[in-house]
Amino acid sequence: MKVLITGSSSGIGRATAELFLAREHHVVGLDVKPAGISHHAYEHVVADVCRPEDFPRDLSPEVIVNNAGVQGSPDDLRVNLQGTINVTEAYAFRDGSPAPAIRAVVNVGSASAHTGSEFPVYAASKGGVLTYTKNVANRLAPQATCNSIDPGGVLTDLNRCVMDDEALWTRIMELTPLRRWATPEEIAEWIYFVAVTNRFMTGQNLLIDGGEAGRSEFVWPA
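Values in this document were obtained by computation on a predicted structure and should not be read as measured data.

Rules used throughout
Residues numbered from 1 in each chain as written. Predicted model: local features only at pLDDT ≥ 70, side-chain atom pairs only at ≥ 80, totals over all residues. Heavy atoms only, no water. Core = buried A, V, L, I, M, F, W, Y, C linked by side-chain atoms within 4.5 Å. Buried < 20%, exposed > 50% of the residue type's maximum accessible area, 1.4 Å probe, protein only. Helix = DSSP H or I, 4+ residues; strand = E, 2+ residues; numbered from the N terminus. Contact = heavy atoms within 4.5 Å. Expected span 1.5 Å × (residues − 1). Salt bridge = Lys/Arg side-chain N within 4 Å of Asp/Glu carboxyl O.

(A) Structural detail: the nonpolar core. Among the nonpolar cores identified, the biggest contains 29 residues, and Phe20, Val27, Ile149, Ile187 and Ile191 are the most heavily contacted of them. Among the secondary structure elements, those contributing two or more residues to this core are strand E1 (2-6), helix H1 (11-22), strand E4 (63-66), strand E7 (104-108), helix H7 (184-197) and strand E9 (205-208). With near-sequence residues (within four places) excluded, Phe20 lies in contact with Val3, Ile5, His25, Val27, Ile191, Tyr192, Ala195 and Val196. One finds Leu4, Val45, Ala68 and Ala144 within the second-largest nonpolar core, a separate group that totals 25 residues.

(B) Structural context of the environment of Gly36. Here Gly36 shows up in the loop between strand E2 (26-31) and strand E3 (42-46). The exposure class of Gly36 is partly exposed, given its relative accessible area of 23%. Distance in space between the C-alpha atoms of Gly36 and Thr156 is 15 Å, their sequence separation being 120 residues.

(C) Structural view of the side chain of Thr84. Of note, Thr84 is situated in helix H2 (residues 76-91). Residue Thr84 is classed as buried on the basis of its relative accessible area, which comes to 4%. The contact partners of Thr84, leaving out residues within four places of it in the chain, are Asn66, Val79, Asn107, Val129 and Tyr132.

(D) Focus on H7. Here H7 is 14 residues long and its end C-alpha atoms lie 19 Å apart, about the 20 Å a rise of 1.5 Å per residue gives. Three or more residues of H7 are buried, namely Pro184, Ile187, Ala188, Ile191, Tyr192, Val194, Ala195 and Val196. At its buried positions, H7 is contacted by H1, E4, E7, strand E8 (145-151) and E9.

(E) View of the pattern of salt bridges. Enumeration over the complete set of coordinates arrives at ten salt bridges. A salt bridge links Glu89 to Arg139, with the shortest nitrogen-to-oxygen separation between them at 2.5 Å. Within this pair, whereas Glu89 is found in helix H2, its partner Arg139 is found in helix H4 (residues 120-140), the two being separated by 50 residues in sequence. Judged by its relative accessible area of 31%, Glu89 falls in the partly exposed class.

Written out as structure tokens, the structure reads:
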């Protein structure tokens, strides 16, 4: 299959691209940064998801993975939400109908969209991604699926500031029942499953956070 992955130069996007390549799919990566992958079945496009006028017009992906994102920046809404909309509308639809080749769209959301925690605008941007996922699922059915994968903590450079702070990391682990964060490769496996293996689930937002959002303590007399 031909797969379009945004934000493919690092983190979850890169791990996802590498997984699809390892399973013999053709991957087109779209990122504002140069390619982080060298592979005979990988093409790289340097472009900004916020500038649809710069998108290549000759792509007909069967799978779209909207992963490009920023965190705690002035561009959170523009990149995380509008960028996801830009890419999806450009490649998953044609003249208001599902594009002939499209089979699945996977949006990378966030646990913050479920809990409301983290930076206010970031949480709002990812909340929009979750709702937009349901909208796209309705418009692509019955031809294709659309779901979101919503990670909690992931071991990427973006989170280095808390990963390298012993006090903050200890507190985070106390709040995470599985006592660890996911690797980018684990999230990539979820994305692959939802995009390729899955053929019946659509319009769903899958929270992958090690149990952190469901953490509760029952208070009662001894």
